[in-house]
Amino acid sequence: MHEGAVCREVMDIALRVAEQNELTRIERIVVAAGPHSCLNEQELNFYFHVAQEGTCMEGAWISVERDETLTGVSQMYVRTIEGE
């Protein structure tokens, strides 16, 4: 169920990046997740598709790439934001 909170944080980061880089549309976000993050990509995208409505992320999707090198407290980070 923490995917909702992760979704909100990822969206906040993406919106800041869009503003800083004058992006009008975000098409894809890649999140790196460690082996103990317990992040479910399907649930994350469920929350994302509901929350993105009316934003510059409408129609975008999030992909999760597993990164076995992420250990400790920080098990996730936004790796890439693609847009125009």
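Before reading further, recall that the structure is shown in the block above.
How each quantity is defined
- Residues numbered from 1 in each chain as written.
- Predicted model: local features only at pLDDT ≥ 70, side-chain atom pairs only at ≥ 80, totals over all residues.
- Heavy atoms only, no water.
- Helix = DSSP H or I, 4+ residues; strand = E, 2+ residues; numbered from the N terminus.
- Rg over C-alpha atoms; globule rule 2.2 N^0.38 Å.
- Buried < 20%, exposed > 50% of the residue type's maximum accessible area, 1.4 Å probe, protein only.
- Contact = heavy atoms within 4.5 Å.

Let's shift gears to the overall build of the protein. Scanning the protein from terminus to terminus reveals 2 helices and 3 strands. Secondary structure elements of the protein, listed N to C terminal, follow the sequence α-β-α-β-β. For 84 residues, the compact-globule formula gives about 12 Å, and the C-alpha radius of gyration of the protein, at 12 Å, lands near that figure. Taken along its principal axes, the extent of the C-alpha atoms in the protein is 35 × 25 × 15 Å. Across the 84 residues of the protein, 33% fall into the buried class.

Take S63: it is sitting in strand β2 (residues 61–66). You can call S63 buried: its relative accessible area is 8%. In this structure S63 touches R28, I29, V30, V31 and E41, once residues within four positions along its chain are discounted.

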